[in-house]
Amino acid sequence: MLQSLQITVQGKVQGVFYRATAKDVADQFGIKGWVKNLPDNNVEIRATAPEELLQKLIDWCKQGPPKARVEEVIVEELSLEEFNAFRIIR
C-alpha cells in the first residue's frame, strides 16, 4: 500500500550532495517525490512509495552522504500524494 511522507533532515545537510544522493537512493528504491533545500539550512523530502521502501529511505536519511552530519530526521505522514518521478527542486 502506498504512503506519502514529509521528511525534514536537520544538521549539516546542505553543500554536501545530500539532495543528489537522496535522488539516487530514491531512484534505486523506486520512490517518487522530491527533495529541496530549505532556507533554514535543513533539507525537505516529500516521498510516496510502499511503507517498507519509505523506511529504507528514512534509514538512509539518518546517515546521509559521507560529508553530511545529520542531527535529526523528522517524519510526518501525509495524505497520499502522487508523483511521476523523484526530482530535485532547486
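Here's what I pulled together on the structure shown here.

Cut-offs and rules
- Residues numbered from 1 in each chain as written.
- Predicted model: local features only at pLDDT ≥ 70, side-chain atom pairs only at ≥ 80, totals over all residues.
- Heavy atoms only, no water.
- Helix = DSSP H or I, 4+ residues; strand = E, 2+ residues; numbered from the N terminus.
- Buried < 20%, exposed > 50% of the residue type's maximum accessible area, 1.4 Å probe, protein only.
- Polar contact = N/O pair within 3.5 Å; in protein donor to acceptor, adjacent residues only side chain to side chain.
- Contact = heavy atoms within 4.5 Å.
- Pairing = 2+ DSSP bridges.
- Axes fitted to C-alpha atoms, helices over the stretch in contact; angles between N-to-C directions.
- Core = buried A, V, L, I, M, F, W, Y, C linked by side-chain atoms within 4.5 Å.
- Salt bridge = Lys/Arg side-chain N within 4 Å of Asp/Glu carboxyl O.

Comments concerning the side chain of E44
Part 1: Locating E44 in the fold gives a position in strand β3 (residues 43-50).
Part 2: E44 sits in the buried class, given a relative accessible area of 11%.
Part 3: A distance of 3.5 Å separates a polar atom in the side chain of E44 from a polar atom in the side chain of R46.
Part 4: If near-sequence neighbours (up to four positions away) are discounted, E44 is found in contact with Q6, I7, W34, V35, K36 and L38.

A short note on unusual backbone geometry
Excluding glycine, most residues fall at negative phi; most peptide bonds, likewise, are trans.
Part 1: Positive phi, normally seen in glycine, also occurs at F17, with a value near 65°.
Part 2: Mapped onto the fold, F17 is located in the loop between β1 (2-12) and α1 (18-29).
Part 3: A relative accessible area of 63% means that F17 is categorised as exposed.
Part 4: The phi angle at N41 is positive, at roughly 75°, despite the residue not being glycine.
Part 5: Tracing the backbone through its elements, the reader meets N41 in the loop between β2 (32-37) and β3.

What to know about the sheet that holds strand β5 (residues 86-89)
Part 1: Read across the sheet, 5 strands follow the order β4-β1-β3-β2-β5 without closing on themselves; strand pairing throughout is mixed. The open sheet has two edge strands with one neighbour each: β4 (69-78) and β5. Taking each pair of neighbouring strands and ignoring which way they run, the sheet shows an average axis angle of 20°.
Part 2: Bridge analysis of β2 against β5 gives 4 bridges, and the strand direction is parallel. Bridging from a neighbouring strand, V35 pairs with I88 of β5.
Part 3: Contacting β1, β2, β3, β4 and β5, α1 crosses the sheet at an angle of about 170° to β5.

Comments concerning the nonpolar core
Part 1: Formed by 25 residues in total, the largest nonpolar core has its most connected members in I7, V9, Y18, I31, I45, L57 and C61.
Part 2: A total of 6 residues in this core trace back to one element, the largest contributor, which is helix α2 (residues 51-63).
Part 3: Not counting the four nearest positions on each side in its chain, C61 is found in contact with I7, V9, Y18, I45, V70 and V73.

Some details on the pattern of salt bridges
Part 1: Scanning the model with the defined rule gives 3 salt bridges in all.
Part 2: Residue E44 pairs with R46 through a salt bridge whose shortest N-O separation is 3.5 Å.
Part 3: We classify R46 as buried; its relative accessible area is 19%.
Part 4: The residue E81 makes a salt bridge to R46 at a minimum N-O spacing of 3.0 Å. With E81 in the loop between β4 and β5 and R46 in strand β3, the pair connects residues that are 35 residues apart, well separated along the chain.
Part 5: Overlapping salt bridges bring together E44, R46 and E81 as one network.

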